Amino acid sequence: MSGKAQYPKMVVMPPGPKARELIRADESYISKSVLRWYSLAVESGSGCIVRDVDGNEYIDFNSGLAVLNVGHCHPKVVSAITEQTKKLIHYSYTDFYYQNIVDLGRQLAGITPGAFSKRVFFCNSGTEAIEAAMKLLKWHTRNGLFIAYTGAFHGRTLGSVSLTASKPVQRRHFFPFVPGVTHVPYPYCYRCPFRLSYPECELWCADFIDEEVLSKYVPPENVAGMFVEPIQGEGGYVVPPDGYFTRLRKILDKYDLVMIDDEVQSGIGRTGKWFAIEHFNVLPDAVCAAKAIGSGLPIGALISKDELMDWEGGAHASTFGGNPVACAAGLAVIEVIREERLLENATRQGAHLLNRLKEMQRKYEILGDVRGKGLMVGAEIVKDADTKEPGPELVREITMKCFKRGLAIVTSGKSTMRFAPPLLITRELLDAGLDVFEGVVKEVAGSVK
Ligand SMILES: Cc1ncc(COP(=O)(O)O)c(C=O)c1O
């Protein structure tokens, strides 16, 4: 399953007989709260290729939901995990000591923006990193109010879901949440919440936070901090305009407020930089990361300015957090990204991806907006380029047709196709996936007119 061979390889129309059998069993035992994109029943993966139980091989533009930045089962990651399991699988770092968690802490502190000294709290997932940040902010500031964005996704546990404002289904029937969260509009220029245009708007969406929110009904001296996705992930791969984050940072500094940068989806090289916030020339006070650190093993991290992480012993901990096997995977992931120059590859292939999508946009009206950084790219599908009416049925059709033809891709926001292949994707494989995508878009666009 290397990048050179002819992919995708479809041997049976999915879902094949084995997939159908697996799905039937799944329907009997697995929680009804999960919602699958399509009937992809995975058996194995290698690099950028994922194979289903019936032998079909798909080009993976999902990376297991932005987790497999170094591809499926990278040999160095597999070897690091295997070796670690022979030595030590668990011993709870919040109670005792072991070496590789310190090594990973040092590495993460090194790649996170800011030359200041940092500390890391390790946990098991993105949502836990956000929970840790919420608790740390409360502890450090003794304040109870938070600011987050509409369209944000920060997780699904009761603290993080209080910040999440992406889809009603994620919140319905779960109230009340952590009190004191104010949501402000995300800088989403294609669908400006204020119906303004950039740059004539002069970044009113940032000033709004100062002039309307903090000056009128959210007293800054009671705010614990603000949570920011540098590129909104689940909200639709939305990229803020130039200058937005520097303006926001100024506002936060004016009131001495902390900025928590949620890089759970955008971090660990996805955008061609270690962290997406680096594209915008601002320094956050702390960064939350998870997904791609462990290449599939559960691990999350809150990487904070030393002076912010001043809570007392016993204030927060986790039995499994920073498990030594996951740390071994994390160290291998960082090494692979460096050795194989994957930040550079993500930048190079990402530019090609964006160009090809922009070319398609000129041909097919249903591609309303194309945006992204590195290999975190979205193509917003609309029913009509002028009215910009979202096309949720169209993205469902496109996604399903891509799947049937061997391209594993999913959506985000209301109707945005999300392109997030492993960072090691080759030009050949990227083009092969984009050829499948374009074929489908052509067909679907033809049926719209
Ligand atoms: C930006 C962001 N934050 C937090 C989370 C939650 O991470 P997890 O699913 O590991 O809890 C996600 C998950 O998609 C995410 O994209």
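Above this text is the structure in question.
A.B. asks: When you look at the pairing of strand 5 (residues 145–149) in this model, what are you seeing that I'm missing?
C.D. replies: On any regular strand, side chains alternate: one points to one face of the sheet, the next to the other face. For strand 5, the buried fraction is high: four of the five residues fall into the buried class. Pairing between strand 5 and strand 7 (residues 223–228): three bridges, direction parallel. Pairing of Leu145 across the sheet is with Val223, part of strand 7. Alignment of strand 5 against strand 6 (residues 181–184), held across four bridges, turns out to be parallel. In the sheet register, Ile147 faces strand 6, and the bridge partner there is Thr182.

A.B. asks: Teacher, can you tell me more about the site of the ligand here?
C.D. replies: What surrounds the ligand is the set Ser125, Gly126, Thr127, Phe153, His154, Gly155, Glu229, Glu234, Asp262, Val264, Gln265 and Lys291. Interatomic distance of 3.3 Å between a backbone N/O atom of Phe153 and a nitrogen atom of the ligand. One of the side-chain nitrogen or oxygen atoms of Lys291 is found 3.3 Å away from an oxygen atom of the ligand. When the ligand sits alone it has 390 Å² of accessible area, and the protein chains cover 82% of it. Residues of the shell around the ligand, tallied by class, amount to two nonpolar, six polar and four charged.

A.B. asks: How should I be thinking about the sheet that holds strand 1 (residues 42–46) in this particular structure?
C.D. replies: Reading across from one edge, 1-2-3-13 is the order of the four strands in this open sheet, with mixed pairing throughout. With one partner strand each, in any of the chains shown, strand 1 and strand 13 (407–408) form the two edges of the open sheet.

A.B. asks: Is there a simple way to explain the pattern of salt bridges in this structure?
C.D. replies: Pairing is possible between side chains that carry opposite charge, provided their charged atoms lie close to one another. This model, assessed by the stated rule, comprises 28 salt bridges. With a closest N to O distance of 3.0 Å, Asp285 and Lys305 form a salt bridge. Linking Asp285 in the loop between strand 8 (259–262) and strand 9 (286–289) with Lys305 in strand 10 (residues 300–305), this pair joins segments that are 20 residues apart in sequence. Its salt-bridge partner being Lys401, residue Glu397 comes within 3.1 Å of it at the nearest N-O pair. In this pair, Glu397 and Lys401 both sit in helix 11 (residues 392–404), four residues apart, roughly one turn of the helix. Since its relative accessible area comes to 30%, Glu397 is described here as partly exposed. Through salt bridges with shared partners, a single network forms among Arg356, Lys363, Asp431, Asp435 and Glu438.

A.B. asks: Looking at this structure, how should I read unusual backbone geometry?
C.D. replies: Most peptide bonds adopt trans geometry, and most residues besides glycine take a negative phi value. Geometrically, the link from Tyr7 to Pro8 is a cis peptide bond, its omega value of -5 degrees lying close to zero. Along the chain, Pro8 falls in the segment before helix 1 (17–29). Omega for the peptide link from Tyr198 to Pro199 comes to 5 degrees, which places this bond in the cis form. Tracing the backbone through its elements, the reader meets Pro199 in the loop between strand 6 and helix 7 (204–216). One non-glycine residue, Leu65, lies in the positive phi region at around 60 degrees. With respect to the helices, strands and loops of the structure, Leu65 is situated in helix 2 (residues 63–66). At Arg195, a residue that is not glycine, the phi angle is positive and equals roughly 55 degrees. Within the element layout of this structure, Arg195 appears in the loop between strand 6 and helix 7.

A.B. asks: Just to check I follow, could you spell out the environment of Val50 for this structure?
C.D. replies: Within the secondary structure, Val50 is located in strand 2 (residues 49–52). Taking the C-alpha atoms as reference points, Val50 and Ser63, 13 residues apart in sequence, are found 9.3 Å from one another.

A.B. asks: How should I be thinking about the packing of helix 11 against helix 12 (residues 427–448) in this particular structure?
C.D. replies: The description of two packed helices rests on the angle between their axes and on the distance between the axes. With their axes 9 Å apart at the nearest point, helix 11 and helix 12 run at an angle of 140 degrees to one another. Relative to helix 12, the element helix 11 lies oblique. In the packing of helix 11 onto helix 12, the handedness of the crossing is right-handed. Of helix 12, the residues touching helix 11 (which contributes Leu394, Glu397, Ile398, Lys401 and Cys402) are Val436, Phe437, Val440, Val441, Glu443, Val444 and Val448. Looking at side-chain class alone, the contact of helix 11 with helix 12 contains nine nonpolar, no polar and three charged residues.

A.B. asks: Got a minute to help me understand a nonpolar patch on the surface in this structure?
C.D. replies: On the surface, Tyr29, Ile30 and Val34 cluster together into a nonpolar patch covering about 350 Å² of accessible area. With respect to the helices and strands, the residue Tyr29 is situated in helix 1.

A.B. asks: Just to check I follow, could you spell out the nonpolar core for this structure?
C.D. replies: General note: in soluble globular proteins, nonpolar side chains tend to be found buried as a group. Among the nonpolar cores identified, the biggest contains 129 residues, and Leu108, Tyr149, Phe245, Leu248, Ile398, Phe419 and Phe437 are the most heavily contacted of them. When residues in this core are grouped by element, the largest group, 10 residues, is from helix 12. Sequence-distant contacts of Ile398, that is, excluding residues within four places in its chain, are made with Ile366, Ile381, Met417, Phe437, Val440, Val441 and Val444. The next biggest cluster of nonpolar side chains, apart from the first, holds six residues, and it includes Tyr38, Val50, Phe403 and Ala408.

A.B. asks: It is not clear to me how the packing of helix 4 (residues 99–111) against helix 9 (residues 324–339) should be interpreted in this structure. Could you clarify?
C.D. replies: Between helix 4 and helix 9, the least distance of the axes is 9 Å, while the angle of their chain directions is 40 degrees. With respect to helix 9, the element helix 4 is oriented oblique. The crossing of helix 4 and helix 9 is left-handed. Touching Asn100, Ile101, Asp103, Leu104, Gln107, Leu108 and Ile111 of helix 4 are Pro324, Cys327, Ala328, Gly330, Leu331, Ile334 and Arg338, all from helix 9. Taken together, the residues of the contact of helix 4 with helix 9 sort by class into nine nonpolar, three polar and two charged.

A.B. asks: Help me out: how do you make sense of the sheet that holds strand 5 in this one?
C.D. replies: Strands pair in a sheet through their backbones, by hydrogen bonds, and they do so in one of two ways: parallel or antiparallel. Read from one edge of the open sheet, seven strands run 4-10-9-8-7-5-6, paired in mixed fashion. Two strands in the sheet have a free side with no partner beyond their single neighbour: strand 4 (118–123) and strand 6. Direction aside, neighbouring strands of the sheet carry axes that sit 20 degrees apart on average. Across three bridges, the pairing between strand 7 and strand 8 is parallel. Bridge pairing in strand 8 links Phe227 to Ile260. The strands touched by helix 8 (residues 244–254) within the sheet are strand 5, strand 7 and strand 8, with strand 7 carrying the most contacts at an inclination of about 175 degrees.

The rules behind these values
- Residues numbered from 1 in each chain as written.
- Predicted model: local features only at pLDDT ≥ 70, side-chain atom pairs only at ≥ 80, totals over all residues.
- Heavy atoms only, no water.
- Buried < 20%, exposed > 50% of the residue type's maximum accessible area, 1.4 Å probe, protein only.
- Helix = DSSP H or I, 4+ residues; strand = E, 2+ residues; numbered from the N terminus.
- Pairing = 2+ DSSP bridges.
- Near = heavy atom within 4 Å.
- Polar contact = N/O pair within 3.5 Å; in protein donor to acceptor, adjacent residues only side chain to side chain.
- Areas by Shrake-Rupley, 256 points an atom, 1.4 Å probe, with all protein chains shown as cover.
- Nonpolar A, V, L, I, M, F, W, Y, C, P; charged D, E, K, R; others polar.
- Salt bridge = Lys/Arg side-chain N within 4 Å of Asp/Glu carboxyl O.
- Axes fitted to C-alpha atoms, helices over the stretch in contact; angles between N-to-C directions.
- Parallel < 35°, antiparallel > 145°, perpendicular 65-115°, else oblique.
- Left-handed = near helix turned anticlockwise from the far one by under 90°.
- Contact = heavy atoms within 4.5 Å.
- Patch = residues over 30% accessible without salt bridge, like charges linked within 9 Å, V, L, I, M, F, W, Y side chains within 5 Å.
- Core = buried A, V, L, I, M, F, W, Y, C linked by side-chain atoms within 4.5 Å.

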